[in-house]
Amino acid sequence: MTGADAVDVPAFARAQLSLLAAELAAEIAESSALVALHSPAALQRAGVAIANLTVASQRTGLGGKTVLELGPDPATTSSTGAGTAGTELPEHGIRVGDIVLVAEQPSAAGVKKKEARAMEGRGVKGVVTRVGRGVVGVAVDDGGEDGGNSGKEDYGVEGLVAGDKRVWIVKVADDVTFRRMNATMERLAKMEEREYSSFVRVLFGLSSPSPVPADLTKDEEVGEIEWVDPTLNDSQKDAIRFALASREIGLIHGPPGTGKTHTLIELILQLIKRNLRILVCGPSNISVDNIVERLVPHKVPLVRLGHPARLLPSVLNHSLDVLTRTSEAGVIVKDVRAEMDAKQASIRKTRNGRERRAIYADLKELRKEYRERERRCISDLVGGSKVVLATLHGAGGFQLRGERFDVVIIDEASQALEAQCWVPLLAANKAICAGDHLQLPPTIKSLNSKSKAAASSSSSSSSKKGKHGDTGGEDVLKGTTLETTLFDRLLKLHGPSIKRMLTTQYRMHEAIMRFPSDELYEGKLIAAEGVKARLLKDLPYEVEDTDDTRAPLIFIDTQGGDFPEKNEDEQDTAGGGGKKLTKSSLYGDSKSNEMEAALVRQHVRGLVDAGVKPEDIAVVTPYNAQLAILAPLKDIFPGIELGSVDGFQGREKEAVIVSLVRSNPDGEVGFLGEKRRLNVAMTRPKRSLTVIGDSETVKKGSKFLKDWMEFLEENADLRYPDLASLNQEA
Ligand SMILES: Nc1ncnc2c1ncn2[C@@H]1O[C@H](COP(=O)(O)OP(=O)(O)OP(=O)(O)O)[C@@H](O)[C@H]1O
């Protein structure tokens, strides 16, 4: 390894710390700007708040957390005379797992800027545990390990419960993740070189990875593998052998639909057979639960860390919180819990301030006792587990303090911040990371705002900005950006010898796969036998054989200027919910294209008339403003899915329609210029991909876009819209 490639670890960690600080500031600024600029009612419509609530009850939930049950404030519902007064919540966008602030509701017209910040001190933060028609449950921070409001929390809850106050809940930035990343980077920054393990040395390029024999099938250790699933394809088996043989680091590169998770499951089972202790992580709860669900049938003894409210119901039985209650070791925790519940219940019965305070004081003591007992129980459970699963930041919780693992496995590593990956990495001396660096990296808000500022100051900047288009940017600090993932950095540092690519894909028709394979995956992708010729007309229910259902690839070219884009300077959407907010509060300028939306509608109608079920169809587009225009499709074709390209990463559908939106004389393509975004868009469908866009505009965006348009012109069923019928549709 040459000295020039090596990374100065403390400098790297410090650079990460300052980038993370900027990112957290950007997230907080975004959420407090929302709160500052809009009334509770507007925020509720935008899907980020629920107003006019009262605390209906409180109880002890999983993990000893206090759960507040919030319902509509009867005063407001009866005064407005709203339908089923007092029983149902209004329409809202709060979901289980969201982190919210429960606070006394401010007066009508939004919260003043200063107040917005002060509000955090007055309310309590928590995780949404339940969303019913008439109730929202929030497990509030109780000053535990990461309890954001340590010290103030009882006062907070007490303040909210007392006097039947009118409260509201608002989604807030998740700073726990940042605290965990910061703590990890601080640890790295302080580490002395002599403390670096050979693993750390390799990951920073201070040493080369230990060589792996070229032909692993003949290798003594990993050559003869008794496969749990012998139907794995050769590239999957090769990746597993490689992962077993690597000493420090192995990357499993999984292009769309190539069975990355499938491969990781076998790898985990093989590691268990070798009696190794494994920590399995992913950037999101769903990525981790996906693995837990697939491991469970193999009867693997495992423990899933994480807030129960954020886990899939099917995974709950393996969650540490639940095991703490149900296992033998958990019995000693139970008694205290019962006592806590009794106290909680008594709070509401007393109106006397002094008595209430006394009860809160008792509760505090009990909670301490509970936590001590729980901690002992947890350490027994975790210490005895061979396989532990958690989100990347979840691995930074107290439960894993001091725990060591033989291997850390990170799924979706190319969608995680590098600092996030280091949270579990410091607990092991070997890592296997799976991902696809040619799909979208994690969303970076601090970088977005920076590049947006750049974009608005220069009208022709969008397609020429940096190698990553709108979401990319220049190196910010010593060559480090948050957008450079661990996966990217390691590939650059050590080259392709540290990775193995999965090459058989089980999703797309061959014609859909061709372009991404040739342009991005060195032409190596192979469509599995069962999928390579699948068409919509062959769906396992009755679908007519029509022009639309027999073509795997359709391009509707809108060139000619009749389909102009519109700049959504004034309005934009929140989270695709179709509700309007002013631009200043949300995600910058978005674009829409009404005529293109009409074409989408026409095409969907064609598919549905032929018998394709709406739930087998998705429309994806890079622009939120376009999503808002498309929203009525959901009423016309119930079951159809609409999504942003970024939001659809990791998903698949039988038929996917991609609306490219951009159509202007200057060839401005904005963040369409990002190859990885296009890759995600074009690799979601199984049997049918329809691209709708203006080839003239799009071709000017980049070489990749030009090649794609030319590929579609030559290989797709090429169509030009019929304006007369379209005007009718519009
Ligand atoms: N060897 C195999 N034989 C048959 N089917 C397979 C094989 N490997 C994977 N699959 C199938 O391919 C599909 C995709 O697998 P999986 O969910 O593991 O993919 P992934 O690569 O994690 O997904 P994504 O591409 O979205 O990241 C699944 O339906 C899986 O059953």
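Everything that follows concerns the structure shown earlier in this document.
Below or above, wherever it landed, is the structure these notes cover.

Scoring rules and cut-offs
The numbers attached to residues start from 1 for each chain and follow its sequence in the written order. With pLDDT at 70 or above as the cut-off, local features in this predicted model cover only qualifying residues; side-chain atom pairs require 80 or more to be listed or tallied, and sums for whole chains, interfaces and linings still use all residues. As a convention, hydrogens and water are excluded, and side-chain values are obtained from all of the structure's heavy atoms. Working definition: with a 1.4 Å probe on protein chains only, accessible area under 20% of the residue-type maximum means buried, over 50% means exposed, and in between means partly exposed. Counting from the N terminus, the helices are the DSSP runs of H or I reaching at least four residues and the strands are the DSSP runs of E reaching at least two. Paired strands, in this sense, are two strands between which DSSP finds at least two bridges. By definition, residues are in contact when any of their heavy atoms lie within 4.5 Å. Here an angle of 0 to 180 degrees is reported between the N-to-C directions of two axes, which are lines fitted to C-alpha atoms, with helices fitted over the stretch in contact. The nearness test applies per residue and asks whether one of its heavy atoms lies within 4 Å of the molecule or strand. Polar contact is defined as a pair of N or O atoms within 3.5 Å, subject to the rule that within protein one atom must be able to donate a hydrogen and the other to accept it, and that residues adjacent in sequence are counted only when both atoms are side-chain atoms. Side-chain classes follow a simple rule in which Ala, Val, Leu, Ile, Met, Phe, Trp, Tyr, Cys and Pro form the nonpolar group, Asp, Glu, Lys and Arg form the charged group, and the remainder, Gly included, forms the polar group. By nonpolar core is meant a set of buried Ala, Val, Leu, Ile, Met, Phe, Trp, Tyr and Cys residues that side-chain atoms within 4.5 Å join together. Aromatic rings from Phe, Tyr and Trp, with only the six-membered ring used for Trp, were paired whenever their centres fell within 6.5 Å, and each pair was classed as stacked if the ring planes differed by under 30 degrees, edge-to-face if by over 60, and tilted otherwise. In this scheme, the term charge over a ring applies when either NZ of a lysine or CZ of an arginine sits within 6 Å of the ring centre and within 35 degrees of the ring normal.

### Remarks on the pairing of strand E16 (residues 553-557)
Inference 1: Most of E16 sits out of view: five of its five residues are buried.
Inference 2: Residues Leu-553, Phe-555 and Asp-557 line one face of E16 and the alternating positions Ile-554 and Ile-556 line the opposite face, and both faces are buried.
Inference 3: With five bridges joining them, E16 and strand E24 (residues 685-693) adopt parallel strand pairing. When the sheet's bridge partners are listed, Ile-554 is paired in E24 with Thr-690.
Inference 4: Two elements, E16 and strand E25 (residues 717-719), share three bridges in a ladder whose sense is parallel.

### With respect to helix H10 (residues 285-295)
Inference 1: For H10, every residue scored as buried is listed here: Asn-285, Ser-287, Val-288, Asp-289, Ile-291, Val-292 and Leu-295.
Inference 2: On the buried face of H10, the contacting elements are helix H9 (260-273), strand E8 (278-282), strand E9 (302-304) and strand E10 (387-391).

### Remarks on the sheet that holds E24
Inference 1: Taken in spatial order, the six strands make up an open sheet running E22-E21-E23-E24-E16-E25, and their pairing is parallel. Looking along the sheet, the strands with just one partner apiece sit at the ends: strand E22 (641-644) and E25. In this sheet, neighbouring strand axes are inclined to one another by 20° on average, regardless of whether the strands run parallel or antiparallel.
Inference 2: Across the sheet, helix H19 (residues 594-609) is in contact with E16, strand E21 (617-621), strand E23 (653-659), E24 and E25; its angle to E23 comes to roughly 160°.

### Some points on the site of the ligand
Inference 1: In the region of the ligand, 16 residues are neighbours, and Gly-257, Lys-260, Thr-261, His-262 and Arg-294 sit closest.
Inference 2: Within the side chain of Gln-236, an N or O atom sits 2.9 Å from a nitrogen atom of the ligand.
Inference 3: Counting residues per element, the shell around the ligand draws most heavily on H9, which supplies three residues.
Inference 4: In terms of residue class, the shell around the ligand is built from four nonpolar, nine polar and three charged.

### Considering the environment of Glu-226
Inference 1: Position of Glu-226 relative to the elements: it lies in the loop between helix H7 (198-203) and helix H8 (234-245).
Inference 2: The sequence separation of Glu-226 and Lys-273 amounts to 47 residues, and the corresponding C-alpha distance is 9.9 Å.
Inference 3: Once residues within four sequence positions are removed from consideration, Glu-226 is found in contact with Gln-270 and Lys-273.

### Focus: the nonpolar core
Inference 1: Grouped together as the largest cluster of nonpolar side chains are 71 residues, with contacts concentrated most on Met-185, Leu-188, Trp-422 and Leu-425.
Inference 2: Tallying contributions element by element places helix H13 (residues 353-383) first for this core, with nine residues.
Inference 3: Apart from residues no more than four positions distant in its own chain, Trp-422 is found in contact with Thr-184, Met-185, Leu-188, Val-200, Leu-203, Phe-204 and Leu-486.
Inference 4: Counting 38 residues, the second-largest nonpolar core is a separate cluster that includes Val-669, Leu-705, Met-709 and Leu-712.

### Remarks on the packing of aromatic side chains
Inference 1: Under the counting rule described, the total for this entry stands at six aromatic pairs.
Inference 2: Seen in terms of ring centroids, Phe-199 and Trp-422 are 6.5 Å apart; in terms of plane orientation they differ by 55°. Their pairing is tilted. Remark: Trp-422 occurs in helix H14 (residues 418-425) and Phe-199 occurs in helix H7; sequence separation between them is 223 residues.
Inference 3: Judged by relative accessible area, which is 1%, Phe-199 ranks as buried.
Inference 4: Overall, the relative accessible area of 0% leaves Trp-422 in the buried class.
Inference 5: Site record: aromatic cluster; members linked through ring pairs are Phe-12, Phe-199, Phe-204 and Trp-422.
Inference 6: In this arrangement the basic side chain of Arg-489 is found over the ring face of Phe-12, its NZ or CZ atom lying 5.1 Å from the centre.
Inference 7: The side chain of Lys-613 reaches across the aromatic face of Tyr-541, ending 4.2 Å from its centre.

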